[in-house]
Amino acid sequence: MINRFNNIDSKEWLPYQKSWFKFTTDEDLFRKSIRFFMKFDSEEMDRNFFFWGNPEQDKIAKNCALEEAAHFFSGDKLNNASQLQFALLDVRGMMEQVVDEQSWQKLKAQILNLAAQLKEKLYHRRFLSIIIPNLQTEDHYFPLAWDLAKTLSATLSLKDEKIGCMEIPESTASQNHFHTDNQLFYQLFFRTDEKSGTQESTEDFGFLKHQRLPDFQHKGLFPSWFILKPKPRNRKEILHPAKFPEELVNLYLDVFTREKDLVLDPMCGTGSTVVAAIAKNRNTVGIELSEFFSKIASERCHSVYHQNPNLFEKPIDRETFFKVINKDIREIDSADIGHLDYVFTSPPYWNMLNMKGAENQAKRVRRGLQVNYSDPESELGKLDLGNMDSYEEFLDELEKIYNHLFELLKPGAVMTIVVKNIKKHGSNYPFAWDLALRLMKKMILLPESFWLQDDISIAPYGFGNTFVSNTFHQYCLSFSKPLTP
Ligand SMILES: C[S@@+](CC[C@H](N)C(=O)[O-])C[C@H]1O[C@@H](n2cnc3c(N)ncnc32)[C@H](O)[C@@H]1O
């Protein structure tokens with residue numbers, strides 16, 4: 001097969017497609033990016049590469065480029081390059097200047113201005129990549145990477161993202177706070193192509209007027225990325241197309257809840273949240289639209305309960321201790337469940353399960369397993385959020401549902417939502433960011449964590465033609481209800 005995109009073979013190509021990586025050195029990061037995004041023996045394109053970073057990184061990037069036989073341009077030398085195959089902007093070193101909204105707007109304007117010039121210089125369908133973290137200050141959290149990505153996607157096609165993960169340094173691991181900052185950054189990928197827009201984004205995310213982060217000092221350290229080794233799913237659990245592991249729920253229950261707290265999962269599927277909560281002696285309610293899945297959830301709950309007879313203090317009122325309710329979540333008020341200490345949940349990822357031909361779907365069909373939550377044509381299917389065709393209407397509906405749950409949360413309590421960004425028919429729908437930016441109007445966004453998957457084989461999407469990652473990272477977005485309205 002002819003490789004029209006770069007000069008690397010499949011052994012190098014496939015690992016690069018994993019949507020997260022462990023960061024080692026700047027040199028490794030720059031070199032891998034240059035080797036992936038440049039074709040050195042092209043007859044149609046000059047081997048021109050542009051880099052923007054701090055002076056130290058500039059030197060490293062220059063060395064990598066020269067060793068890989070690329071022509072290097074940086075800073076104010078952009079005008080010297082006729083056209084570019086690849087541009088890399090590394091903003092990490094500039095984050096120290098960002099302390100408030102004003103300083104961010106200044107840096108953002110600089111990046112947008114440079115990106116506009118780069119757009120004119122890049123060959124058609126070639127990439128601009130930006131390395132940028134979100135920002136945690138002492139008492140605020142600003143999702144600057146998402147802000148930049150959303151703004152820039154009005155003029156360039158936002159194609160992909162990778163998460164750069166750093167080992168947790170010993171010094172911070174011993175400290176006692178909710179989140180150790182600087183453990184991860186984003187590598188964003190934009191492309192000049194037929195879908196690149198021409199409009200300046202006028203959207204105002206308004207999140208820099210964000211509320212102070214709550215004090216989680218007492219909660220202990222929480223990692224910003226983690227890899228789980230969950231136990232294999234049993235015969236019943238595998239019937240659900242998108243179950244998350246109890247090991248994931250446990251991490252969060254330990255941080256955000258205490259014994260006897262009331263934990264809700266409003267779309268509980270096979271009941272993973274509820275099962276994990278029972279085993280930790282929490283009161284818990286799961287709501288699920290599908291009768292089929294809610295029965296599985298209920299059976300699993302009873303089984304955990306009976307396996308752990310010594311878990312609970314007497315007297316036990318089992319009915320209030322755990323409940324799985326087969327209902328549309330929009331009917332939650334009729335269930336009268338009381339005030340919540342914590343919500344842990346994962347919604348349908350829009351209508352992705354109805355996308356025929358997706359790798360995962362094909363495998364499930366071959367095994368005779370259900371591929372979606374309900375038949376979109378059935379009465380039940382019309383209430384299933386996973387069958388909504390319009391992305392905007394789906395987001396509107398979820399926003400309404402979660403805002404209603406916020407009303408039921410106790411002040412200071414937290415809601416954690418597991419989601420991911422979605423690629424569909426060559427377009428990118430940053431579901432995690434869109435949802436977070438909407439919910440931030442009422443709730444305080446806590447630093448995100450990533451559940452990284454390391455046990456799935458990599459599919460060669462785009463091989464020889466373009467970059468398409470395999471999305472192996474799930475966002476765990478946590479929001480805290482302000483203590484005072
Ligand atoms: C991502 S799955 C949850 C999986 C679950 N966390 C588990 O581990 O099994 C989303 C669930 O939302 C349910 N759902 C969709 N629309 C709903 C609605 N309107 N009300 C309640 N549940 C709904 C689906 O049936 C599906 O089981």
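Residue numbers here run from 1 along each chain, matching the order of that chain's written sequence. pLDDT decides what is reported in this predicted model: residues at 70 or higher carry local features, side-chain atom pairs at 80 or more are listed and counted, and totals for whole chains, interfaces and linings draw on all residues regardless. The side-chain figures draw on all heavy atoms in the structure; neither hydrogens nor water molecules are used.

What follows covers the nonpolar core. Joining through side-chain atoms within 4.5 Å is the link that ties buried Ala, Val, Leu, Ile, Met, Phe, Trp, Tyr and Cys residues into a set, and such a set is a nonpolar core. Only protein chains enter the accessibility calculation, which uses a 1.4 Å probe. A residue is then buried if its area is under 20% of the maximum for its type, exposed if over 50%, and partly exposed in between. If you look at the biggest cluster of nonpolar residues, it comprises 111 residues, and the most contacted ones within it are Phe50, Leu128, Ile130, Tyr186, Leu248 and Phe431. Numbered from the N terminus, helices here are DSSP runs of H or I no shorter than four residues, and strands are runs of E no shorter than two. For this core, the element with the highest residue contribution is helix H13 (residues 391-408), accounting for nine residues. In this entry, domain limits derive from an automatic or database-based domain assignment. Each of domain 1 (10-209) and domain 2 (225-480) gives at least three residues to this core. Contacts of Ile130, omitting those with residues within four sequence positions, involve Leu89, Val91, Ile111, Leu148, Leu152, Tyr186, Gln187, Leu188 and Phe190. Ranked by size, the runner-up nonpolar core spans 27 residues in total, among them Leu29, Phe72, Phe86 and Phe185. Any pair of residues with heavy atoms lying within 4.5 Å of one another is described as a contacting pair.

Let's shift gears to the sheet that holds strand E9 (residues 184-191). Spatial strand order, E1-E8-E9-E5-E4-E2-E3: seven strands in an open sheet with mixed pairing. Each having just a single partner strand, strand E1 (20-22) and strand E3 (71-74) make up the two edges of the open sheet. Put simply, the sheet's adjacent strands are angled 20 degrees from each other on average, direction ignored. Of the pairings in the sheet, the one linking strand E4 (residues 84-90) to strand E5 (residues 122-132) comprises six bridges and is parallel in character. Among the inter-strand pairings, Leu84 is bridged to a residue of E5, identified as Leu122. Convention adopted: a line fitted to C-alpha atoms gives each axis, helices being fitted over their contacting stretch, and angles between N-to-C directions are expressed from 0 to 180 degrees. Where helix H3 (residues 55-67) meets the sheet, its contacts fall on strand E2 (48-52), E3 and E4, and the angle it forms with E3 comes to roughly 160 degrees. Against the sheet, helix H4 (residues 101-121) makes contact with E2, E4 and E5, and its axis sits at roughly 160 degrees relative to E5, the strand it touches most. Strands were regarded as paired on the criterion that DSSP finds at least two bridges between them.

A helix is expected to reach a length of 1.5 Å times the quantity of its residues less one. With 13 residues, H3 should reach 18 Å at 1.5 Å per residue; the first-to-last C-alpha distance of 19 Å fits that figure. Residues of H3 that are buried include every one of Gln57, Asp58, Ala61, Cys64 and Ala65, and no others. The buried residues of H3 occupy one face: seen down the axis, they fall within an arc of 130 degrees. Opposite its buried face, H3 presents the exposed residues Pro55, Lys59 and Glu67, each directed more than 90 degrees away. Where H3 is buried, its residues contact helix H2 (26-37), E2, E3 and E4. A positive backbone phi angle near 65 degrees is found at Ala69, which sits one or two residues after H3. Read the arc as the range of directions from the helix axis to the C-beta atoms.

Glancing now at empty space enclosed by the protein. Residues are called lining when one of their atoms sits within 4 Å of a cavity or pocket point, these points coming from a 1 Å grid over the protein atoms alone, where a cavity is a set in which a 1.4 Å probe fits but cannot get out and a pocket is an open set with protein on both sides within 12 Å along at least five of seven lines. Grid points are joined across faces, edges and corners, and a volume is the space filled by probe spheres set on the points. Counted according to the given criterion, the structure contains one cavity of 30 Å³ or more. A volume near 90 Å³ is recorded for the largest cavity. Forming the walls of the largest cavity are Leu158, Asp160, Glu161, Asn421, Ile422, Lys423, Asn428, Trp433, Ser469, Thr471 and His473. Of all the secondary-structure elements, those providing two or more residues to the lining of the largest cavity are strand E8 (157-165) and strand E16 (422-424).

The aromatic pairing rule takes the rings of Phe, Tyr and Trp, using the six-membered ring of Trp, and pairs them if the centres are within 6.5 Å, calling planes under 30 degrees apart stacked, those over 60 edge-to-face and the rest tilted. Under the definition given, this model contains 40 aromatic pairs. An aromatic cluster of at least three residues, connected via ring pairs, comprises Phe5, Trp13, Tyr16, Phe36, Phe37, Phe49, Phe72, Phe86, Phe127, Phe189, Phe463 and Phe467. Here the basic side chain of Arg126 rests over the ring of Phe5, its NZ or CZ set 4.4 Å away from the ring centre. Lys424 extends its terminal NZ or CZ atom over the ring of Trp350, reaching a point 4.0 Å from the ring centre. Any Lys NZ or Arg CZ that is within 6 Å of a ring centre and within 35 degrees of that ring's normal is treated as a charge sitting over the ring.

This paragraph deals with unusual backbone geometry. One non-glycine residue with positive phi stands out, namely Arg125, at about 65 degrees. Backbone geometry at Asn281 places phi at a positive 65 degrees, although glycine is not the residue there. Residue position: Asn281 is located in the loop between helix H8 (272-279) and strand E12 (283-288).

Should a side-chain nitrogen of Lys or Arg be within 4 Å of a carboxyl oxygen of Asp or Glu, the pair is scored as a salt bridge. For the structure shown, the criterion picks out 29 salt bridges. As a salt-bridge pair, Arg35 and Glu12 come within 2.7 Å of each other at their nearest N and O atoms. Residue Arg35 is found in helix H2, and its partner Glu12 is found in helix H1 (residues 10-16); the two are separated by 23 residues along the sequence. Overall, Arg35 belongs to the partly exposed group, its relative accessible area being 26%.

As a further point, take the side chain of Ser478. Here Ser478 lies in strand E20 (residues 473-480). On the basis of relative accessible area, Ser478 is assigned to the buried category, the value being 2%. Sequence-distant contacts of Ser478, that is, excluding residues within four places in its chain, are made with Tyr252, Phe256, Val414, Met415, Thr416, Ile444, Leu445 and Leu446.

Residues are labelled near a given molecule or strand when at least one of their non-hydrogen atoms is within 4 Å of it. Every one of the 23 residues lining the ligand counts as a neighbour, but His240, Phe244, Thr270, Ser272 and Glu288 are closest to it. Polar contacts here mean pairs of N or O atoms no more than 3.5 Å apart (in protein, one a potential hydrogen donor and the other a potential acceptor; neighbouring residues in sequence count only if both atoms are side-chain atoms). In this structure, an oxygen atom belonging to the ligand sits 3.0 Å away from a main-chain N or O atom of Phe244. Note that a nitrogen atom of the ligand is positioned 3.1 Å from one of the backbone N or O atoms of Leu383. Computed on the free molecule, the ligand has an accessible area of 610 Å², of which 99% lies beneath the protein chains in the complex. Residues that form the shell around the ligand fall into these classes: twelve nonpolar, five polar and six charged. Only the protein chains shown count as cover for residues, with accessible areas throughout obtained via the Shrake-Rupley method and a probe of 1.4 Å. Residues are grouped as follows: Ala, Val, Leu, Ile, Met, Phe, Trp, Tyr, Cys and Pro are nonpolar; Asp, Glu, Lys and Arg are charged; all remaining types, including Gly, are polar.

Looking at any residue, its pLDDT shows the predictor's confidence there, from 0 to 100. For the protein, the average pLDDT comes to 87, and 89% of its residues sit at 70 or higher. In the model, residues 172-181 has pLDDT below 50 throughout and makes 29 contacts with residues more than four positions away in sequence or in other chains.

This part covers H4. With 21 residues, H4 ought to run about 30 Å at 1.5 Å a step, and its terminal C-alpha atoms sit 30 Å apart, in line with that. Buried residues of H4: Ser103, Trp104, Leu107, Lys108, Ile111, Leu114, Ala115, Leu118 and Lys121, and no others. End-on view of H4: buried residues confined to an arc of 130 degrees, all on one side of the axis. Set apart from the buried face of H4 by more than 90 degrees, the exposed residues are Gln102, Lys106 and Glu120. On its buried face, H4 sits against E2, E4, E5 and helix H5 (144-152).

On to the environment of Arg4. Here Arg4 lies in the segment before H1. What Arg4 contacts, discounting residues up to four positions off in sequence, is Lys39, Arg126, Gly464 and Asn465. Of note is the side chain of Arg4, whose polar atom sits 2.8 Å from the side chain of Asn465.

Right, let's talk about the pairing of E2 for a bit. By the criterion of burial, E2 is predominantly enclosed, with five of the five residues buried. Here E2 shows no split at all, with Asn48, Phe50 and Trp52 on one side and Phe49 and Phe51 on the other all buried. Bridging between E2 and E3 involves four bridges; their strand directions are parallel. By the bridge assignment for E3, Phe49 is matched with Phe72. Place the viewer so that the strands point away; then a crossover is right-handed whenever the path from the first strand over the helix to the second strand goes clockwise. For the crossover from E2 across H3 to E3, the handedness is right-handed. Where E2 lies against E4, four bridges are found, and the strand directions are parallel. Bridging across to E4, Phe50 finds its partner in Ala87.

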